[in-house]
Amino acid sequence: MLIVGLILAAAAAAFHVFIFALESLRWTEPETRKIFGVASEADAVTMKQLAFNQGFYNLFLALTTLLGIALFISGLVAIGLTLVFAGTGMMLAAALVLILSERSKARAAIMQGSLPLLAVIVTAIGVAIS
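The paragraphs below set out a description of the structure included in this document. Being a predicted model, the structure only gives us computed values, none of them experimental.

Right, let's get into a nonpolar patch on the surface. Among the surface-exposed residues, Met1, Leu117, Ile121, Ile125 and Ile129 lie close enough to one another that they form a single nonpolar patch of about 460 Å² accessible area. Within the element layout of this structure, Leu117 appears in helix H5 (residues 106–129). Leu117 gets classed as partly exposed once you look at its relative accessible area, which sits at 38%.

As structure tokens, then:
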């Protein structure tokens, strides 16, 4: 069960790396603007610096989670799990902030928060039964 939780955490991290790429590297691209509901290129250019910064937040959450998985695998179980829970827990918290601040973003929040939620639950169950 613990391994399944770590796989879910890795998937959540991969998704957040994807979000980083969209926000920090591809923000003004038409496909990215469509995903985030930014109508015009001018609006995207105006928001580019904010999106760039936000993308790095997503990257750092992913790296925290991936570092935790790597440390867990290398035998530093407590430190690894702490980082996995910190990374996925903050991903989940960010999704909750998104849906609570703007109900129309429910679909995005569900996409952003589903894997971290599953990772937290399954990993916690795995820890409890091991």
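Below, the discussion takes up the environment of Val122. Topologically, Val122 is positioned in helix H5. Note: C-alpha distance between Val122 and Val97 (25 residues apart in sequence) is 22 Å. Other than its neighbours up to four places away in sequence, Val122 contacts Met1, Val4, Gly5 and Leu8.

Right, let's talk about the nonpolar core for a bit. Formed by Leu2, Leu6, Leu8, Ala9, Ile69, Phe72, Leu81, Val84, Ala119 and Val122, the largest nonpolar core amounts to 10 residues. If you list the elements that add at least two residues to this core, you get helix H1 (2–25), helix H3 (41–73), helix H4 (77–101) and H5. Not counting chain neighbours up to four residues away, the residues in contact with Leu6 comprise Ile69, Phe72, Leu81, Val84 and Thr123.

Per the counting criterion, the structure on display carries 1 salt bridge. Two residues, Arg26 and Glu31, come together in a salt bridge whose shortest N-O distance is 3.3 Å. Relative accessible area serves as the criterion here: at 37%, Arg26 is assigned to the partly exposed category. Overall, the relative accessible area of 47% leaves Glu31 in the partly exposed class.

Rules used throughout
- Residues numbered from 1 in each chain as written.
- Predicted model: local features only at pLDDT ≥ 70, side-chain atom pairs only at ≥ 80, totals over all residues.
- Heavy atoms only, no water.
- Patch = residues over 30% accessible without salt bridge, like charges linked within 9 Å, V, L, I, M, F, W, Y side chains within 5 Å.
- Areas by Shrake-Rupley, 256 points an atom, 1.4 Å probe, with all protein chains shown as cover.
- Salt bridge = Lys/Arg side-chain N within 4 Å of Asp/Glu carboxyl O.
- Helix = DSSP H or I, 4+ residues; strand = E, 2+ residues; numbered from the N terminus.
- Buried < 20%, exposed > 50% of the residue type's maximum accessible area, 1.4 Å probe, protein only.
- Contact = heavy atoms within 4.5 Å.
- Core = buried A, V, L, I, M, F, W, Y, C linked by side-chain atoms within 4.5 Å.

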